[in-house]
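Take a look at the letters that make up each chain.
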Amino acid sequence: MKGMDFIMSNISLEHVASASAWKTAILTIVRPEQLNALNLDTLAEIDAVFNDLLRQKDVRSLIITGYGEKAFVAGADVKQLEGLDRKEAYALSINGNRIFSKLAALPFPVIAAVNGFAFGGGCELALACDIRLASENASFALPEVTLGICPGWGGTQRLARLVGTGHASELLFSAARIKASRAFEIGLVNAVHAQDQLMDSALALASNIGKQAPIAVSAAKKAMYAGIEVSLTEGSDIEAHAFSALFDTTDAKNGLNAFNNKEKYEYTGE
């Protein structure tokens, strides 16, 4: 069951309720005449949505997509870039990175349903998500060097961490546009679906995630991202702390008991 939370100038947020008390949130970028490009107002609205979602205790996953069947997000609004001086450009980069880092740090998984062009800032938005699903007509590029600039919202950092420096170098230095099939080959996306099956596939994945213990999922996400920034030894210690802390939760106690007694338990997030 879907319910519209709110509609702002450039985005919409709705919730898909499960049979239980938890929900999947869907954030849609709605600027079809600009191929859903991100301007300053849209970034501010996205930031506000993340703040709102952080206050909601019943959301267990977020899907981000673009309006229509042509574009996920075609990039940043280039008109707002022209004329910036160095200080202004730095502030823009810091702000965009702050918002995308907030996205990456959300305590629940985020799925990018890439339904078309994902260029520049749009590709960077997808990179800040945990899982990327693409439609067959989707394509990806970081074309900033064709404008005399480089990515400024995490593209030079997250892409290399995801696909390795070789593939990242090719995309960053040549501004090459790749199809969804190639994005899958290099590990940029998790799966490719027919356009008319993309959202159903994203919702099915979100539903599967939502059935798991939300505190455990959040702990696994936090430990994974913290661990890849340090040595294996340090990462293992991070994992041990995350693992052991969960034994103080009601969900872990009840989940383990239910498994051992061959019973079902519906996780509450406590």
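One can find the structure itself at the top, above this paragraph.
Participant: I tried to follow the nonpolar core on my own but got confused; where do I start?
Facilitator: If you look at soluble globular proteins, the nonpolar side chains tend to sit buried side by side. In this structure, Phe 50, Leu 62, Ile 64, Leu 103, Phe 140 and Leu 188 are the most contacted members of the largest nonpolar core, which totals 48 residues. With five residues, helix α1 (residues 40-54) is the single largest residue contributor to this core. Formed by twelve residues, the second largest nonpolar core is a distinct cluster that contains Ile 26, Ile 63, Ile 111 and Leu 133.

Participant: Even after reading the chapter, I still don't get the packing of aromatic side chains, so can you show me in this structure?
Facilitator: Describing an aromatic ring pair means giving the distance of the ring centres and the angle of the ring planes. Counting across every chain of the model gives four aromatic pairs. Taking 5.7 Å as the distance between ring centres and 75 degrees as the angle between the ring planes, the aromatic pair formed by Phe 100 and Trp 153 counts as edge-to-face. With Phe 100 in helix α2 (residues 86-104) and Trp 153 in the loop between β9 (139-141) and α4 (155-163), this residue pair connects regions lying 53 residues apart in the sequence. Note on Phe 100: relative accessible area 0%, which makes it buried. With centroids separated by 5.2 Å and ring planes inclined at 90 degrees, the aromatic side chains of Tyr 265 and Tyr 267 adopt a geometry described as edge-to-face. On the accessibility criterion, Tyr 265 (25% relative accessible area) is partly exposed.

Participant: Can you help me understand the environment of Leu 40 in this one?
Facilitator: Looking at the secondary structure, you find Leu 40 in helix α1. For Leu 40, a relative accessible area of 45% gives the class partly exposed. Along the chain, Leu 40 and Ile 131 lie 91 residues apart, while their C-alpha atoms are 25 Å from each other. Excluding residues that lie within four positions of it along the chain, Leu 40 makes contacts with Gln 80 and Leu 92.

Participant: Help me understand a negative patch on the surface, please; the structure alone is not making it clear to me.
Facilitator: A surface patch of negative charge is lined by Glu 69, Glu 136, Asp 196 and Asp 200. On the secondary structure map, Glu 136 appears in the loop between β8 (131-135) and β9.

Participant: Just to check I follow, could you spell out the sheet that holds strand β5 (residues 71-73) for this structure?
Facilitator: Pairing between the strands of a sheet comes from backbone hydrogen bonds, and it takes one of two forms, parallel or antiparallel. Within the open sheet, the four strands sit side by side as β5-β7-β9-β10. Their pairing is mixed. Looking at the sheet topology across the chains shown, the edges are occupied by β5 and β10 (178-179). With three bridges connecting them, strand β7 (residues 117-119) and β9 associate as parallel partners. Each residue of the ladder has a partner; that of Phe 119, found in β9, is Ala 141.

Participant: For this particular structure, what's the right way to read the pattern of salt bridges?
Facilitator: Where charged atoms of side chains with opposite charge meet at close range, the side chains can pair. Taken as a whole and judged by the stated rule, the model has eight salt bridges. Notably, a salt bridge pairs Asp 77 with Arg 31, separated by 3.8 Å at the nearest N-O pair. Of this pair, Asp 77 sits in the loop between β5 and α2 while Arg 31 sits in the loop between β3 (23-29) and α1, placing them 46 residues apart in sequence. When its relative accessible area of 8% is taken as the criterion, Arg 31 is described as buried. For Arg 161, the salt bridge is made with Glu 229, and the minimal N-O distance between the two is 3.4 Å. Taken together, the positions of Arg 161 in helix α4 and Glu 229 in the loop between α8 (214-227) and α9 (232-245) put the pair 68 residues apart, joining distant regions of the chain. Residue classification places Arg 161 among the exposed positions, given a relative accessible area of 52%. Here the residues in one salt-bridge network are Asp 47, Arg 98 and Lys 102, joined through shared partners.

Rules behind the numbers
Residues numbered from 1 in each chain as written. Predicted model: local features only at pLDDT ≥ 70, side-chain atom pairs only at ≥ 80, totals over all residues. Heavy atoms only, no water. Core = buried A, V, L, I, M, F, W, Y, C linked by side-chain atoms within 4.5 Å. Buried < 20%, exposed > 50% of the residue type's maximum accessible area, 1.4 Å probe, protein only. Helix = DSSP H or I, 4+ residues; strand = E, 2+ residues; numbered from the N terminus. Phe/Tyr/Trp six-rings, centres within 6.5 Å; stacked < 30°, edge-to-face > 60°. Contact = heavy atoms within 4.5 Å. Patch = residues over 30% accessible without salt bridge, like charges linked within 9 Å, V, L, I, M, F, W, Y side chains within 5 Å. Areas by Shrake-Rupley, 256 points an atom, 1.4 Å probe, with all protein chains shown as cover. Salt bridge = Lys/Arg side-chain N within 4 Å of Asp/Glu carboxyl O. Lys, Arg positive; Asp, Glu negative; His and termini not counted. Charge placed at Lys NZ, Arg CZ, Asp CG, Glu CD. Pairing = 2+ DSSP bridges.

All we've got here are geometric facts, nothing functional implied.
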